[in-house]
Amino acid sequence: MRSFYVTTPIYYVNARPHLGHSYTTVVCDVLARYHRLEGRSVHFLTGTDEHGQKIERAATERGLAPIAHADEIVAGYQALWERLGISHDDFIRTTEPRHRLAVEEIIRRIAAAGDLYSGRHDGWYCTSCELFYTEKELVDGKRCPVHDSEAEWRSEENVFFRLSRYETPLLEWFASHPEFVRPESRFNEVKRFVEAGLRDLSVSRAGLKWGIPFPGHEGQAVYVWLDALTNYVSALGFGREAPADDLWNRFWGGGEREVLHIVGKDILRFHTIYWPAFLLSAGLPLPDTIWVHGWWLVDQRKISKSGARVVPIEPLIDRFGADAVRYFLLRDMVFGQDAGFSDEAFVERYNSDLANGLGNTVSRLVTLSRRAFDGRTPPCACDDNPLKEGAAAAVEKYRDAMAELQFDRALRAVSELVGQVNQYLVEREPWKLIRQEEQRETLSRILWNGLEAVRVAACALSPVMPTASSAVLAAIGAEPPAGWADLAWGGLAVERPLPESEALFPRIDKDKYLAALAADTEADASEEEQDPVISIDRFFETELRVATIVAAAAVPKSDKLLQLTVDLGSSRRTVVAGIAKQYGAADLVGRQVVVVANLEPAKLMGIESQGMVLAASDDGEPVLLHPERPVPDGTRVR
RNA sequence: GGCGGUGUAGCUCAGCUGGUUAGAGCGAGCGGCUCAUAACCGCUAGGUCGGGGGUUCAAGUCCCUUCACCGCCA
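Residues numbered from 1 in each chain as written. Chains lettered and ligands numbered in written order. Predicted model: local features only at pLDDT ≥ 70, side-chain atom pairs only at ≥ 80, totals over all residues. Heavy atoms only, no water.

Enquirer: Pulling in residues and values, what's your account of the protein's contact with RNA strand B?
Expert: Taken together, 27 residues are adjacent to RNA strand B, and Arg-269, Asn-360, Arg-364, Arg-409 and Arg-507 come closest. For RNA strand B, the fraction of atoms within 4 Å of the protein that belong to sugar or phosphate moieties is 73%. Arg-507 is positioned such that a nitrogen or oxygen atom in its side chain is 2.3 Å from a phosphate oxygen of RNA strand B. Counting residues per element, the ones that place at least two in the surface near RNA strand B are helix H6 (184-195), helix H13 (343-372) and helix H15 (407-428). Broken down by element, the surface near RNA strand B gets its largest block of residues, eleven residues, from H13. (Near = heavy atom within 4 Å. Polar contact = N/O pair within 3.5 Å; in protein donor to acceptor, adjacent residues only side chain to side chain. Helix = DSSP H or I, 4+ residues; strand = E, 2+ residues; numbered from the N terminus.)

Here it is in structure tokens:
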């Protein structure tokens, strides 16, 4: 059986984890657990991407060393993964020595293949994206289209990777590996992108201190993507002299393996074009599949039209438990598509599938069985009944869906089985048989069937809800599955003690829950409203002074602007004001106004304005402010 | 502007290579049951399958066109 290597992207340590990170990681965890149950040799990797100017700057702003900043964010990720029950085998950090070795080795190989050269690179650079942009791509010719921050003009000597050389090899690879990128629509995007032609890629940055030094190129650091992508092999010991384990051969270098990268659609190109090209150049095997999933979107019925609300995941875990969150994430998103997140959908899913469905079914079966059979599982098993067939069909559907990463379908199949149990119980009405001694065997078979079907369902759920699955199994006197053989009918022992158990998934009052959330949100909102309050010190940062207008003239080619010369007592300045429509130049001379004296100079129509004249804005129309009686020029306004 | 995707019951979605009265879950209404977490079971809800045109004995399912939204590219 092929080994199975599954990876999350490594997460950038610029922000705390949110729903999106959790989703990707949970998906990988479910796959890892699923394939472990299948008996495959599994390696599950996640980690963090920690280099780059953005991190360097963020750390500096916080007065921390970059690594200290990274450590803190990493701790947050690791704590969350712990809470979510993530069973990764390794956690790679790009700041680790083992990673650096791998990056150096892959560069050595790429260089040996003749795919690196030095060249000049100039253009507009966004430090947030760590990318160069063309002027066209920038908003207003100067702002990053993604971050809306101002791009910097950079001109530097860089190391380039001959990506253009891999156009044909990549297309050939795509053609011969129809499952290289999934879903298919994403694969099409990638193919078209490559067909349109590939430009060589800058793979180094000059002057980047927080990065891996580029071997053989003094003063250059490895560009973040070449750095980051290599994590997938560095964690396996690639580049190390004598790896203690044989991870590299078992999970990447050898033949009988499956490598699966799970990524969000935002990093499609890096994983499906750059990464394979790097590997081809380095003479290394490629991953089998890059599977691209969509995003969780938040319905913004509330005002804020800008940026979607970030969904914090901790409160959900606090309230419902990690397993319920995991279940929801997999059940309510069609893998590969976008999905909408809402608290309402969450509660509804929780109540219908887990509380009313699985939880309640366990509860009614356990209660009946305990009552009828002295606190034990029924004494007679049964090998011929509709539930047996239902369970077999459900397991087949479940496994087919899981193999295709159709988690929603897999879980639906399990819910259907639970539904069949309830149906079966209503048809057989076991509660009516409890007091009839002569029906004891019939009753036993009925309850045993129900319990056994639940056992199968719970086993199937174990990759998705490891803890809850064990709890269900314990409640019905069964064991957690050791392998898929345990999904076969007949695993429930007879006359096993049935513990008295609490509700596994207590039903949530949806209206109350949503009302409580709304109240919290309102409280937050009112706090936010108070937020804009500034301290007196902050106000005094603005230096307002009285000044007299000593000269005024219309700005050529502008119908709104006037060029004013104002006397601040100790100095004179030029100020450009957009008041030409309301005030004639001649009328203004001699008037006292209030100006912002410490404003950063700005060019308006080619004239440098060294301040700003204060005016009330009456429906957009400026109305100049002036002192009630003349005061010396330069008097501070406060 | 080019390429691709999506548009099916109030909501979330199934509907493979065209073929009986277009399905499921949730929500809603009605009825049943009482073992269970005010749960569970049954029935009902009559949706022009975005619009228009075409191919066919037969189209949600193929072709053309058009609208809306999304993605990638330019």
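Enquirer: Residue-level account of the packing of H13 against H15, with values.
Expert: Where H13 contacts H15, the two axes come as close as 10 Å, and the packing angle between them is 45°. In this view, H13 runs oblique relative to H15, as classed from their interaxial angle. Between H13 and H15 lies a crossing of left-handed hand. Of the residues in H15, those in contact with Asp-353, Gly-357, Leu-358, Thr-361, Arg-364 and Leu-365 of H13 are Ser-415, Val-418, Val-421, Asn-422, Leu-425 and Val-426. (Axes fitted to C-alpha atoms, helices over the stretch in contact; angles between N-to-C directions. Parallel < 35°, antiparallel > 145°, perpendicular 65-115°, else oblique. Left-handed = near helix turned anticlockwise from the far one by under 90°. Contact = heavy atoms within 4.5 Å.)

Enquirer: Kindly report on the sheet that holds strand E1 (residues 3-12), identifying the contributing residues and their values.
Expert: Strand order in this open sheet of six strands is E3-E2-E1-E11-E12-E7, and the pairing throughout is parallel. Of all strands in the sheet, those with a lone pairing partner are strand E3 (90-93) and strand E7 (181-182), marking the two edges. Pairing geometry for E7 and strand E12 (residues 289-293), over two bridges, is parallel. Residue pairing for E12: Arg-182 is matched across the bridge by Trp-291. (Pairing = 2+ DSSP bridges.)

Enquirer: Any chance you could break down empty space enclosed by the protein for me, citing the residues and the numbers?
Expert: Taken as a whole and judged by the stated rule, the model has one cavity of 30 Å³ or more. Within this model, the largest cavity holds a volume of roughly 40 Å³. Along the walls of the largest cavity sit Ala-394, Val-395, Tyr-398, Val-414, Leu-417, Val-456, Ala-457 and Ala-460, which together make up its complete lining. (1 Å grid on protein atoms, 1.4 Å probe; cavity = no way out; pocket = protein on both sides within 12 Å on 5 of 7 lines; lining within 4 Å. Points joined across faces, edges and corners; volume = space filled by probe spheres on them.)

Enquirer: Help me get a handle on the environment of Ser-204, residues and values and all.
Expert: Topologically, Ser-204 is positioned in strand E9 (residues 204-206). Considered as a pair, Ser-204 and Trp-431 are 227 residues apart in the sequence and their alpha carbons are 73 Å apart. Not counting chain neighbours up to four residues away, the residues in contact with Ser-204 comprise Glu-156, Asn-158, Val-159, Phe-214, Gln-220, Ala-221, Val-222 and Tyr-223. In this structure the side chain of Ser-204 is engaged in a polar contact, spanning 2.8 Å, whose partner is the backbone nitrogen of Val-159. At a separation of 2.5 Å, a polar atom in the side chain of Ser-204 contacts the side chain of Gln-220.

Enquirer: Please give an account of the pairing of strand E6 (residues 152-161) that cites residues and values.
Expert: As paired strands, strand E4 (residues 116-126) and E6 are joined by ten bridges and run antiparallel to one another. The residue bridging Leu-116 from the neighbouring strand is Phe-161, located in E6. Both E6 and strand E8 (residues 201-202) contribute to a ladder of two bridges, which runs antiparallel. Residue pairing for E8: Phe-161 is matched across the bridge by Leu-201.

Enquirer: How would you summarise the pattern of salt bridges if you had to cite specific residues and measurements?
Expert: Taken as a whole, this structure holds 35 salt bridges when the rule is applied. For Asp-90, the salt bridge goes to Arg-98, with nearest N and O atoms at 2.8 Å. Arg-120 is the partner of Glu-157 in a salt bridge, and the nearest nitrogen-oxygen pair spans 3.2 Å. Remark: Arg-120 occurs in strand E4 and Glu-157 occurs in strand E6; sequence separation between them is 37 residues. Residues joined by salt bridges that share partners form a network here, namely Arg-331, Asp-332, Arg-349 and Asp-353. (Salt bridge = Lys/Arg side-chain N within 4 Å of Asp/Glu carboxyl O.)

Enquirer: Go over the confidence of the model for chain A with me, naming the residues and quoting the values.
Expert: Overall, the prediction assigns chain A a mean pLDDT of 85, with 89% of residues at 70 or greater. Highest mean pLDDT in chain A belongs to E3 (97); lowest belongs to helix H19 (residues 536-540) (62). In the model, residues 528-533 has pLDDT below 50 throughout and makes zero contacts with residues more than four positions away in sequence or in other chains. Predicted complex metrics record ipTM = 0.89 and pTM = 0.81. (pLDDT = per-residue confidence, 0-100.)

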